[in-house]
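Structural features, examined
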Amino acid sequence: MKTFFYIFIAWGVSYLIRVLPLTLIRKPIKNRFIKSFLHYVPYVTLSVMTFPSIMNDTQSQVSGIIAFAVGIVLSYLNLGLFAVAISCCAVVGIAEFFV
């Protein structure tokens, strides 16, 4: 019974997060700060979900840190997401073989 209650609460929170902005904000947003904040929300969300996985899902944290550093450098060099992801996976594989 508790499980269904928790699922209902999670559904309600998710629903409110999606519906409230649609119902409360009817005019175009003109504030530069809020527009900038909303522009970066997807990137921050992706980072918050990805970073812990980089550190915790590898055999050793050293390989995760090395792959993270390689990913930062490659993304700074304007490589695409696919190239960065493949390179980081290769770096993890190589680093775990030696570490």
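A full pass over the atoms with the stated rule returns 6 aromatic pairs. Aromatic side chains F97 and F98 sit 5.2 Å apart centroid to centroid with 80 degrees between the ring planes, which places their arrangement in the edge-to-face category. Feature note: the residues F8, W11 and Y15 constitute an aromatic cluster, connected by ring pairs.

Moving on, we get to unusual backbone geometry. Even without glycine at this site, N78 takes up a positive phi of about 65 degrees. Relative to the helices and strands, N78 is located in the loop between α3 (61-76) and α4 (81-98).

Here the focus is the environment of A85. You can see A85 is positioned in helix α4. Each C-alpha atom of the pair A85 and K30 lies 36 Å from the other, and the pair is 55 residues apart in sequence.

A few words on the packing of helix α2 (residues 32-56) against α3. Contact geometry for α2 and α3: axes closest at 7 Å, N-to-C directions at 135 degrees. Our classification of the angle between α2 and α3 gives oblique. The residues of α3 that touch α2, namely those facing F51, I54, M55 and N56, are Q61, G64, I65 and F68. Here the contact of α2 with α3 is built from residues that sort into 5 nonpolar, 3 polar and no charged.

Rules behind the numbers
- Residues numbered from 1 in each chain as written.
- Predicted model: local features only at pLDDT ≥ 70, side-chain atom pairs only at ≥ 80, totals over all residues.
- Heavy atoms only, no water.
- Phe/Tyr/Trp six-rings, centres within 6.5 Å; stacked < 30°, edge-to-face > 60°.
- Helix = DSSP H or I, 4+ residues; strand = E, 2+ residues; numbered from the N terminus.
- Axes fitted to C-alpha atoms, helices over the stretch in contact; angles between N-to-C directions.
- Parallel < 35°, antiparallel > 145°, perpendicular 65-115°, else oblique.
- Contact = heavy atoms within 4.5 Å.
- Nonpolar A, V, L, I, M, F, W, Y, C, P; charged D, E, K, R; others polar.

So far we have only geometry, and geometry alone does not tell us how the molecule works.
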